[in-house]
Every structure is written in structure tokens, then in C-alpha cells.
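# Observations on the model geometry
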Amino acid sequence: MTSAPSPEGNLRDLLQSKSIVICCGPGGVGKTTTAAAIGLMAAVRENKKVLVVTVDPALRLSDALGVDRLGDQPSRIELSGLQGSGKGELWASMLNTSLAWDNLVRRYAPDQATIEKILSSTLYANVSRRFVQSHDYVAAERLYELHQDGDYDLIVIDTPPSRHAIDFLDAPSKMAEFFSSKLLRWILAPYRSRWVGLASRPFTQIADRILGGAFLAEVAEFFYLFHSMYEGFITRSTAVENLLADPACAFVVVTTLSPGPRHEASYLIRELGQRGFHLAAIVANKVLPSYLADPVGRAAAARLRQDHEAISAAVAPQAGLESEILSGVLAELARNYRDYSHVALREAEERGRLGFAKCPVLDVAHLEHDIDDVFGLAEMGEMFWPQRGSQQS
Ligand SMILES: Nc1ncnc2c1ncn2[C@@H]1O[C@H](COP(=O)(O)OP(=O)(O)O)[C@@H](O)[C@H]1O
Ligand SMILES: [Mg+2]
């Protein structure tokens, strides 16, 4: 189902009053690159002090920014040589999930002994690294922390390469759910009541016989310790969720115009709306130039496909070329044009399917080279962040 065309706009104007930008979307579409390009433009063009936080284990951002290895601590990115770089500052950091978890435990566990017991538990390593949405939760949590510190005018966060783009939005509530879940209560029950402890003992013994050692007891003890952080986690995950819904926080959905990613992006956009999160714009990345879908160009290519022999016969002698070779080249050219224009038409259809979002869809062309330095990022940024004075705001 297609809908009305999307409104016009650019990221410079749409993000003007924002202090947090969250780049989310399906995997591999250019989220990390877009996050870095947005950060760069806000620093260079608007003279803001910007932090870009990436969670991407592929270390794309570190490559893109020419930094060998980004740490958890923000490092400043060299902007000299870029047109317009003035007072603005670009900082970048890479989220370290296990360090972020350790910090959460240190913050919320009631005392030093509990902190040490949790951190040294073998189960802790498994839970913190394998817990579904672990990356997503700590990313959202770290965003909250950085925002509270107030060191930057703008924080741009790149979301983790999760199975589903929606996971990032759900992470805070999933964390709260986890702490108050029935399973957790059931595991903890023997520790809370003597009576239940005795009642569940035969089961525990059987399970231990099957699983080996005092497995269940160990699990229960671990969760008991973990549960001591309940209050902190619940309060904090609510605060994180509120921050995501704050008017100063904008989401930018990045997608390509291939059917699969576009479909996932549409789902994400609906979910953002249902949660009351503010979607500033959609970035349609790696798209073909729109002229390829132009009927005049398509008609010319169709004619060339049909008449390439006659055209070659007429033109080749004047150009001093062999007619047969020229004919082959023109036929190939016409076929390529047709193929590309098919893709461009399909992309236009997919773009139409994003019209329901009622926010601008900003096209970013597929550059011929990989984007692996600040100049490449600036080239990308140009496509959604016009220079002041060059366009009506
Ligand atoms: N507009 C573009 N033109 C050319 N290459 C791009 C463009 N956008 C992203 N890329 C490249 O695509 C790859 C994936 O981008 P990345 O930002 O890491 O995606 P994601 O974070 O969504 O997984 C990178 O190699 C990046 O340089
Ligand atoms: Mg990425």
C-alpha cells in the first residue's frame, strides 16, 4: 500500500533543537556510517561539541574516523582540513559491553562483598554477555549516563547490530521485566522462604544429579545476589525509557530501499510511533540516482536497445569505429540502463511505502568508494546536511 509523498526537510533543521540522536535500522544498511556523518556535520557546520557512540563490534566507526581502536573513553577526532571546521568538536567512543555491565553492578549492588561475589561468578560472565539484548540495554544505559554528565551539546548513538532493530527500544522494559519475572522469583523462592525451600528440594536434588554438582543452588545464589540490584535497575530502566521519549531525543531510521530492510524499517517506524518516540527522518541510504527512473531516459534506452544496429551503422563511419563493435557496446549500455532503471523504479516504490511515516525521507547516494575517513563522511553528510544559506530552512 503506497501513501502520500513524504514531507521535505533536512537533518540540519530537523535536529537543530535535539541533544540526542539515535540511529537505528536494519543491519548492514549504514547506521554506523550515518551516525558518524551526522556527528561530523553537527560539529563542523554547527560548531557543536558532539560525541558519537558506537556499539558496532566490526569497529567500522574507528576505521571511518581514522582512530586505531576507540575505547570506552571518548577520544577527539581530528577535523582540520575539513571545510568549515571551526569551534566544533567531534568526539567518538566505542561501547565496551562487559565494562558497562561491571559498572552497573558496581553502581547497584548494595555492598562491596556482593559486588565482588557477582563479578567473580562464572554465571555472571554468561548472563551479562549472553543475556538477550544485553548490548542494547547497556547502550541505552550508557546513553543515559552520558546525557546526565552533560559534557556534550549533542550525543549521536549508533545502535547495536541486533537481530531486530526493535530490540534497542525494548531493552529497558525487557530488563525491568527480567528482574520482576516469574522465572526469577521461582529460582529465588528457596532463598526467600524456608517452607518453599524444603518443598522444592527434591526437584533441586534431581536437577543437580542430572546437571552435575550443586548447579541449581549456584544458579539460585547468583540470581539472589543479582536480585539485590533490583531497585536500582528498575528505577534506572524507567529513567532510560523516559529519556528515549524526551522531546530532545530524536530517532533517525536508516535503511536501504531494498524490500527486506525497508520492510523492517517500516515495522520499526510503527513501533517508534506507538511508543511515542520522536522520529525526525528516515535516511534512505545507498540509493540509485532518481534520474534512472525518468521515463524520458528509459524511452531513450529502450530505443537504443531496439535500434542499436541501425544507430551504429549510421554513426560508426563518422567516428572511425567498427560498426559491429559499436553496436555491441551500445546494446550492452542499453541493457545496463534498463537493469539499473528497473532497480531505481523498485526503489521509488519502496520509498513510496515509507510515506506513511509522515517525516522526510532523505536520499543518500551509493558512493563509489567505501566511506573510511572523515572526508568520506563529509561527502555523505553533504547529502542530508546542506550548508547554511544554500537552502531555505
Ligand atoms: N552511502 C554509502 N555509499 C557507499 N558505501 C556506504 C554508504 N553507506 C555505508 N557504506 C558502506 O557500507 C558498509 C556498511 O556500513 P555500516 O555503517 O557499517 O552499516 P551498519 O552499521 O548499518 O551495519 C561500510 O563498508 C560502509 O563504508
Ligand atoms: Mg553498525
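Residues numbered from 1 in each chain as written. Chains lettered and ligands numbered in written order. Predicted model: local features only at pLDDT ≥ 70, side-chain atom pairs only at ≥ 80, totals over all residues. Heavy atoms only, no water.

### Things to note about the sheet that holds strand E3 (residues 75-76)
Our working definition: Each pair of strands is called paired provided DSSP finds at least two bridges between the two strands. Helix numbering and strand numbering both begin at the N terminus, where a helix is a DSSP run of H or I of at least 4 residues and a strand a DSSP run of E of at least 2.
Strands sit in the order E3-E4-E2-E5-E1-E6-E7-E8 across an open sheet of eight strands; the sheet is mixed. At either end of the open sheet lies a strand with only one pairing partner, and these are E3 and strand E8 (361-365). For strand E2 (residues 49-54) and strand E4 (residues 89-94), the ladder comprises six bridges, and the chain directions are parallel. Looking at the pairing, Val-53 lines up with Ser-93 of E4.

### Points about the site of ligand 1
Just so we agree on the cut-off: Whether a residue is near a molecule or strand depends on its heavy atoms: it is near if one of them lies within 4 Å of it. For this analysis, a polar contact is any N or O atom pair within 3.5 Å, provided that within protein one partner can donate a hydrogen and the other can accept it, and provided that sequence-adjacent residues contribute only side-chain to side-chain pairs. Accessibility throughout is a Shrake-Rupley quantity obtained with a 1.4 Å probe, and a residue counts as covered only by protein chains that appear here.
In the region of ligand 1, 18 residues are neighbours, and Lys-31, Thr-32, Thr-33, Asn-285 and Leu-367 sit closest. Here an oxygen atom of ligand 1 and a backbone polar atom of Gly-30 are 2.9 Å apart. In this structure, Asp-370 approaches ligand 1 through a side-chain N or O atom, which is 3.2 Å from an oxygen atom. Burial of ligand 1 by the surrounding chains reaches 88%, relative to a free accessible area of 560 Å².

### With respect to the pattern of salt bridges
Using the following cut-off: Any Lys or Arg side-chain nitrogen located within 4 Å of an Asp or Glu carboxyl oxygen qualifies as a salt bridge. Burial classification: accessible surface area is computed with a 1.4 Å probe over protein chains only, and a residue below 20% of its type maximum counts as buried, one above 50% as exposed, and the rest as partly exposed.
One pass over the full model with this rule turns up 16 salt bridges. Salt-bridge contacts for Glu-145 lead to Arg-142; the nearest nitrogen and oxygen are separated by 3.1 Å. Here the residue Glu-145 and the residue Arg-142 both occupy positions in helix H7 (residues 134-149), the gap between them amounting to three residues, near one helical turn. Residue Glu-145 is classed as partly exposed on the basis of its relative accessible area of 23%. Note that Arg-353 and Glu-350 form a salt bridge whose closest N and O atoms lie 3.1 Å from each other. You can call Glu-350 buried: its relative accessible area is 7%. In the salt-bridge network here, residues are joined through shared partners; they are Arg-107, Glu-141, Arg-142, Glu-145 and Arg-236.

### Some details on the nonpolar core
Keep this limit in mind: Side-chain atoms within 4.5 Å link the members of a nonpolar core, which is a set of buried Ala, Val, Leu, Ile, Met, Phe, Trp, Tyr and Cys residues. Whether two residues touch is decided by their heavy atoms; if any such pair falls within 4.5 Å, the residues are in contact.
By size, the foremost hydrophobic cluster in this structure holds 62 residues, and its most contacted members are Ile-22, Phe-226, Phe-233, Phe-251 and Leu-279. With residues near it in sequence (within four places) discarded, Leu-279 still touches Phe-251, Val-253, Ile-269, Leu-272, Ala-357 and Cys-359. Membership of the second largest hydrophobic core comes to 39 residues, among which are Leu-40, Ala-42, Ala-280 and Val-283.

### So, the packing of helix H14 (residues 295-319) against helix H15 (residues 323-352)
Stated precisely, the cut-off is as follows: Every axis in this analysis is a line fitted to C-alpha atoms, fitted for helices over the stretch in contact. Angles between the N-to-C directions lie between 0 and 180 degrees. For classification purposes, an angle smaller than 35 degrees is called roughly parallel, one larger than 145 roughly antiparallel, one from 65 to 115 roughly perpendicular, and anything else oblique. Under the grouping applied here, Gly and all other residues not named as nonpolar or charged are polar, the nonpolar ones being Ala, Val, Leu, Ile, Met, Phe, Trp, Tyr, Cys and Pro and the charged ones Asp, Glu, Lys and Arg.
Where H14 meets H15, the closest approach of the two axes is 8 Å, and the angle between their N-to-C directions is 175°. Judged on the interaxial angle alone, H15 and H14 are roughly antiparallel. Considered class by class, the residues forming the contact of H14 with H15 number 13 nonpolar, seven polar and five charged.

### Here's the deal with the packing of aromatic side chains
Going by this rule: Working definition: rings of Phe, Tyr and Trp (its six-membered ring) pair if their centres are within 6.5 Å, and the pair is stacked with planes under 30 degrees apart, edge-to-face with planes over 60 apart, and tilted otherwise. Charge-over-ring contacts are defined here by two conditions on Lys NZ or Arg CZ: a distance within 6 Å of the ring centre and an angle within 35 degrees of the ring normal.
Considering all chains together, one arrives at one aromatic pair under this definition. Centroid distance Phe-251 to Phe-277: 5.3 Å. Interplanar angle 15°. Geometry classified as stacked. Here the residue Phe-251 occupies a position in strand E6 (residues 249-255), and Phe-277 occupies one in the loop between helix H13 (259-274) and strand E7 (278-287), the gap between them amounting to 26 residues. Accessibility classification places Phe-251 together with Phe-277 in one group, the buried group. When the ring centre of Phe-356 is taken as reference, the NZ or CZ atom of Arg-270 above it lies at 4.3 Å.

### A closer look at the environment of His-263
For His-263, the location among the structural elements is in helix H13. Judged by its relative accessible area of 54%, His-263 falls in the exposed class. Separated by 87 residues in the primary sequence, His-263 and Glu-350 have C-alpha atoms spaced 8.7 Å apart.

### Concerning H13
The condition that has to hold: Take the number of residues in a helix, subtract one, and multiply by 1.5 Å to get its expected span.
The end-to-end C-alpha distance of H13, which contains 16 residues, comes to 23 Å, matching closely the 22 Å that a straight helix rising 1.5 Å per residue would cover. Of all the residues in H13, the buried ones are Arg-262, Ala-265, Ser-266, Leu-268, Ile-269, Glu-271 and Leu-272. The secondary structure elements touched by the buried residues of H13 are strand E1 (20-24), helix H8 (167-179), E6, E7 and H15.

### With respect to helix H5 (residues 112-120)
Rule in force here: Each C-beta atom gives one direction from the helix axis, and the arc is the one those directions make.
For H5, the full list of buried residues reads Thr-114, Ile-115 and Ile-118. End-on view of H5: buried residues confined to an arc of 100°, all on one side of the axis. Away from its buried face, by an angle of more than 90 degrees, H5 presents the exposed residues Gln-112 and Ser-120.

### So, the state of the cysteines
As a reminder of what qualifies: Here, two cysteine sulfur atoms that lie within 2.5 Å of each other are counted as a disulfide.
Evaluated as defined, the whole model comprises zero disulfides. With no disulfide of its own, Cys-23 lies 7.6 Å from the sulfur of Cys-24, the closest cysteine sulfur. Cys-23 gets classed as buried once you look at its relative accessible area, which sits at 0%.

### Quick look at unusual backbone geometry
Phi is positive for Asn-47, which is not a glycine, with a value near 55°. Mapped onto the elements, Asn-47 comes out in the loop between helix H2 (31-46) and E2. Note on Asn-47: relative accessible area 35%, which makes it partly exposed. Of note, the phi angle at Lys-358 is positive, near 55°, even though the residue is not glycine. Mapped onto the fold, Lys-358 is located in the loop between H15 and E8. Using a relative accessible area of 65% as the deciding quantity, one classes Lys-358 as exposed.

### A few points about the pairing of E7
What counts, and what does not: Classification remark: right-handed applies to a crossover when, strands pointing away from the viewer, the course from the first strand over the helix to the second runs clockwise.
Most of E7 sits out of view: eight of its 10 residues are buried. With six bridges connecting them, E6 and E7 associate as parallel partners. Its bridge partner being in E7, Val-253 is matched across the sheet by Ile-282. With H13 bridging E6 and its parallel neighbour E7, the resulting β-α-β unit is right-handed. With four bridges connecting them, E7 and E8 associate as parallel partners. Note on E8: the bridge partner recorded for Val-283 is Leu-362.

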